[in-house]
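Below are the chains, spelled out letter by letter.
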Amino acid sequence: MDNSSDNNISNQTSKKKCCCRDQANKLYCYDWLADLPESHNDTEMVEVQFKNTRKGYYKNSTHIKLEKGDIVAVEANPGHDIGVVTLTGRLVLLQMKKNGVKLDNPDLKRIYRKAKPNDLEKCEEAKAKEHDTMLRARKIAEDLNLNMKIGDVEYQGDGNKAIFYYIADDRVDFRQLIKVLAEVFKVRIEMKQIGARQEAGRIGGIGPCGRQLCCSSWMTSFVSVATSAARYQDISLNPQKLAGQCAKLKCCLNYEVDAYVESQKKLPSKEIPLETKDAVYYHFKTDIFKRQMTYSSSKDMAANLVTLDASRVFEIIALNKRGVRPDSLEIETNKEPIRKDFEDVVGQDSLTRFDKAKKKSNGNNKRRKKTFIKRTNANGEGGNGNQPKPVRKSVNDQSKQNRENSGE
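Residues numbered from 1 in each chain as written. Predicted model: local features only at pLDDT ≥ 70, side-chain atom pairs only at ≥ 80, totals over all residues. Heavy atoms only, no water.

Student: What exactly am I supposed to notice about the confidence of the model for the chain here?
Tutor: Any segment with low pLDDT has predicted coordinates that should not be analysed in fine detail. Here the chain averages 81 in pLDDT, while 75% of its residues score no lower than 70. A low-confidence stretch, residues 1–16 (pLDDT under 50), is modelled with 17 contacts involving residues beyond four sequence positions or located in other chains. Confidence drops under pLDDT 50 across residues 381–386; counting only partners more than four residues distant or on other chains, this segment forms ten contacts. (pLDDT = per-residue confidence, 0-100. Contact = heavy atoms within 4.5 Å.)

Below, the structure written as structure tokens:
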């Protein structure tokens, strides 16, 4: 009875939200094999996620029935850690292959059990200490004159170990720092160096585009960004606009640079000037996707700007190679430009568009009145040549006529 009650309690607590982990982040993987029950028994490997940027793969050697969202206690060094099950079954093998984790790796650890209420309480206590520990560790590193910044602290689920994430430009000798931290916090210390972009991903925020930062929402691998990416896209080299919240060049500068590079290969070289009989024109700017190039008669400033199509630029370069200088850059045509008048395509720019119905009704009334006048005149005769119709008299006119008749 006691064992069954403990299992029921552990099952109930394992469905609760994990006390110290956030599941909605960039490490989330959609389980597209969830509708296939047989796929969940293909392997004993399970994917377990911890704090924002950390997850691992563990063996379910005791064959505990696990589902996505269960909170489990896993093997750690030392003690145990608390995490959330994010994947089970065949898809775990694909994720391990993607991340370069081998099945025959002897360092793979195992799952102990589903988390109990006592495990969740320890996890809550460990989480509550993370922020204060980070602030004290920063002060200790400053007192030791270490050129580093401690960006985050993560406690293990049982509280016996703490991981300190730090940022440093150069190599740092933190042996003395580890000794001091171990004496102050009475836990095992592990130091992990991260980059500025990874720190921004851990903290999160909103970018100038109005959306969540890419590094905190979906990016897991960071590629170096160079200023040449901005030059290819003709973006102003303003450091304040090109830098992100991490003080590095924005990762989004690399998103479209390949399309710009491929398009520029189909355009004339910017270094070749265009010669005419009057002057020499130098490249000023390019609209890559419209395939239009603007040239100036001066190298240093915008003077006498002329915008040409890429085909015309190729034509002028070919003429210059043969020693021919055209009269002008633009193609001379005798045709006058056709002036297009304004056309109201939609029909919603007229101020009297709402009066059309009234005009129609007024016209109908006038036509009805005219036909009535034609049918009857003042003498009651038909105005259209037909037999006269009797004129309808009112009650007063009929009584007056009766009095006159009686007087006679």
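Student: Can you walk me through the pairing of strand β12 (residues 306–309) in this structure?
Tutor: Burial along β12 is one-sided: Val306 and Leu308 are buried, while Thr307 and Asp309, pointing the other way, are not. Here four bridges tie strand β11 (residues 292–296) to β12, and the two strands are oriented antiparallel to one another. Counted as the bridge partner of Tyr295 is Val306 from β12. (Buried < 20%, exposed > 50% of the residue type's maximum accessible area, 1.4 Å probe, protein only. Helix = DSSP H or I, 4+ residues; strand = E, 2+ residues; numbered from the N terminus. Pairing = 2+ DSSP bridges.)

Student: Hey, could you run me through helix α11 (residues 310–321) in this one?
Tutor: Residue pairs spaced three or four apart in an α-helix point in one direction, given the helix's 3.6 residues per turn. In this model α11 runs 17 Å from its N-terminal to its C-terminal C-alpha over twelve residues, within 8% of the 16 Å that 1.5 Å per residue would give. All of the buried residues along α11 are Ala310, Arg312, Val313, Ile316, Ile317, Leu319 and Asn320. In this structure, the buried residues of α11 make contact with β9 (274–275), β11 and β12. (Expected span 1.5 Å × (residues − 1).)

Student: Which parts of the structure should I look at to understand the packing of helix α4 (residues 130–143) against helix α5 (residues 175–185)?
Tutor: Helix-helix packing: each pair is described by the crossing angle between the helix axes and the interaxial distance. It is at 11 Å that the axes of α4 and α5 come closest, and there the two elements cross at 140°. Between α4 and α5, the crossing angle belongs to the class labelled oblique. α4 and α5 meet at a crossing whose hand is right-handed. In this structure, α4 uses Thr133, Arg136, Ala137, Ile140 and Ala141 to contact α5, whose residues at the interface are Leu177, Val180, Leu181, Val184 and Phe185. Residue composition of the contact of α4 with α5, grouped by class: eight nonpolar, one polar and one charged. (Axes fitted to C-alpha atoms, helices over the stretch in contact; angles between N-to-C directions. Parallel < 35°, antiparallel > 145°, perpendicular 65-115°, else oblique. Left-handed = near helix turned anticlockwise from the far one by under 90°. Nonpolar A, V, L, I, M, F, W, Y, C, P; charged D, E, K, R; others polar.)

Student: In this structure, what is going on with the state of the cysteines? I would like to understand it.
Tutor: Each disulfide is one covalent bond, formed between the sulfur atoms of two cysteines. One pass over the structure, following the stated rule, counts zero disulfides. Here Cys209 is not cross-linked by a disulfide; its sulfur's nearest cysteine counterpart is in Cys214, at 6.4 Å. With relative accessibility at 63%, the residue Cys209 sits in the exposed group. Cys246 takes part in no disulfide bond, and the closest cysteine sulfur, belonging to Cys251, lies 6.3 Å away. (Disulfide = S-S within 2.5 Å.)

Student: Would you mind going over the sheet that holds strand β10 (residues 280–287) with me for this structure?
Tutor: Each strand in a sheet pairs with another by means of backbone hydrogen bonds, the pair being arranged parallel or else antiparallel. As summarised here, the arrangement of the four strands in space is β9-β10-β11-β12, forming an open sheet in which the pairing is antiparallel. The sheet terminates laterally at β9 and β12, the two strands that pair on one side only. Pairing of β9 with β10 involves two bridges; the strand directions are antiparallel. Looking across to β10, one finds that Glu275 is bridged to Val280. Contacting β9, β11 and β12, α11 runs over the sheet at an angle of about 95° to β12.

Student: Sorry, what's going on with the layout of surface pockets here?
Tutor: The gaps of empty space that remain are located by a probe, the size of a water molecule, rolled over the atoms. In this model, the largest pocket occupies a volume close to 810 Å³. Lining of the largest pocket is provided by 32 residues; of these, Phe50, Arg54, Lys55, Gly56 and Tyr57 occupy positions nearest its centre. Looking at the lining of the largest pocket, the elements that each hand over two or more residues are β2 (55–59), α2 (90–98), β6 (149–155), β7 (161–167) and β8 (188–193). Classifying every residue of the lining of the largest pocket gives twelve nonpolar, eight polar and twelve charged. In this structure, the second largest pocket spans a volume of roughly 540 Å³. Lining of the second largest pocket is provided by 25 residues; of these, Pro208, Cys214, Lys250, Cys251 and Cys252 occupy positions nearest its centre. When contributions to the lining of the second largest pocket are tallied by element, the ones reaching two or more residues are α6 (196–203), α7 (214–217) and α9 (239–242). Counting residues per element, the lining of the second largest pocket draws most heavily on α7, at three residues. Here the lining of the second largest pocket is composed, by residue class, of 14 nonpolar, six polar and five charged. (1 Å grid on protein atoms, 1.4 Å probe; cavity = no way out; pocket = protein on both sides within 12 Å on 5 of 7 lines; lining within 4 Å. Points joined across faces, edges and corners; volume = space filled by probe spheres on them.)

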